[in-house]
Amino acid sequence: MSKKLEGKTAVITGGTEGIGLATAKLFVKEGAYVFITGRRQKELDEAVKAIGSNVSGVQGDVAKLADLDRLYQTVSKVKGRIDIVFANAGVAEFVPFGAVSEEHFDKLFNINVRGALFTVQKALPLLKDGGSIILNGSVASVKGTAAFGVYAASKAAIRSFVRTWTTDLKDRGIRSNVVSPGPINTPAVSRQSADVIGRIVSTIPMGRMGKPEEVAKVALFLASDDSSFVTGIELFGLRCLLDCFLHLLAAYVERLVCPLHFHCFKRTLQ
């Protein structure tokens, strides 16, 4: 049986743990050669060892353009091309609106927004025509979670990038998509208190957080030829789809949206 990413080259930022590491493992299993990044060398070395083969680790911070230049210099020297870019690196912090500081804002936007934009932009000279760009978003961008406003705004910006890149890159046949999972049981989440984790789980219809490996399978779909006619989408987790459906239903009942739009959306859920 052929592998979905046989002979392809992928770059995954934030690949030392959680979704990034799970995706790197799956991509390699499916035949890709993967470059992963991470800010801390020790964790990066451990991730490379865990992945095993067909992987290179490049230490760096996506918010620092010099580090991105060094990443792509390495990719150019080792492989000479890129087929897939997964801009996964990101950071999240809960801060009440009244306590938001310049430091908090700059930290989240520098990593989540600036980092994603320049990760992709600087990959373009190496990215093959017909390649795939995947950004890691979040259901937080549409949910209005208290004390999560700056993070949510940074992920909303990610969604906006994909809309414009879809048209910016159409002549090269490069696809751009966002995967926006709900709560995922990553090391970063597991470091939260039991009370916080309990409140998170209580909002999920399935009664549990998702696994990084489940998101990795979505990234594989968006990276592979299985999604060759898919671009400009935001693939949400189940909870957000349910919320969006209920909001549209309420608006439909109140005649605030066109009935045709409602029926089209309903068909996408079936």
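Our structure's up above, just so we're on the same page.
Residues numbered from 1 in each chain as written. Predicted model: local features only at pLDDT ≥ 70, side-chain atom pairs only at ≥ 80, totals over all residues. Heavy atoms only, no water.

Here Ser154 is to be found in helix H6 (residues 149-168). At 3.1 Å, the side chain of Ser154 forms a polar contact with the side chain of Asn112. Polar contacts involving the side chain of Ser154 include one to the main-chain carbonyl oxygen of Tyr151, which spans 2.6 Å. Contact partners of Ser154, with chain neighbours within four places excluded, come to Leu108, Phe109, Asn112 and Val113. (Helix = DSSP H or I, 4+ residues; strand = E, 2+ residues; numbered from the N terminus. Polar contact = N/O pair within 3.5 Å; in protein donor to acceptor, adjacent residues only side chain to side chain. Contact = heavy atoms within 4.5 Å.)

A few words now on empty space enclosed by the protein. Applying the stated criterion across every chain yields a total of two cavities of 30 Å³ or more. Each pocket or cavity is described by its volume, and for the largest cavity that value is around 50 Å³. Take the lining of the largest cavity: its biggest share by element is three residues, from helix H3 (residues 65-78). The residue inventory of the lining of the largest cavity, partitioned by class, reads four nonpolar, four polar and two charged. Here the second largest cavity is characterised by a volume of approximately 40 Å³. (1 Å grid on protein atoms, 1.4 Å probe; cavity = no way out; pocket = protein on both sides within 12 Å on 5 of 7 lines; lining within 4 Å. Points joined across faces, edges and corners; volume = space filled by probe spheres on them. Nonpolar A, V, L, I, M, F, W, Y, C, P; charged D, E, K, R; others polar.)

Turning our eyes to something else, we now look at the packing of helix H1 (residues 18-29) against helix H9 (residues 212-223). Contact pair H1 / H9: the axes reach a minimum separation of 8 Å and the direction vectors enclose 55 degrees. The orientation of H1 with respect to H9, classified from their angle, is oblique. For the crossing formed where H1 meets H9, the hand is right-handed. The residues of H9 that touch H1, namely those facing Gly18, Ile19, Ala22, Thr23, Leu26 and Phe27, are Pro212, Glu213, Val215, Ala216, Lys217, Ala219, Leu220 and Ala223. Partitioned by chemical class, the residues of the contact of H1 with H9 number 10 nonpolar, two polar and two charged. (Axes fitted to C-alpha atoms, helices over the stretch in contact; angles between N-to-C directions. Parallel < 35°, antiparallel > 145°, perpendicular 65-115°, else oblique. Left-handed = near helix turned anticlockwise from the far one by under 90°.)

If you add up the space inside the largest pocket, you get close to 1,600 Å³. Together, 48 residues line the largest pocket, and Ala92, Tyr151, Thr186, Ala188 and Val189 are the ones closest to its centre. At the level of elements, H1, strand E2 (33-38), helix H5 (140-143), H6, helix H7 (187-190) and helix H8 (194-202) are the ones that each hand at least two residues to the lining of the largest pocket.

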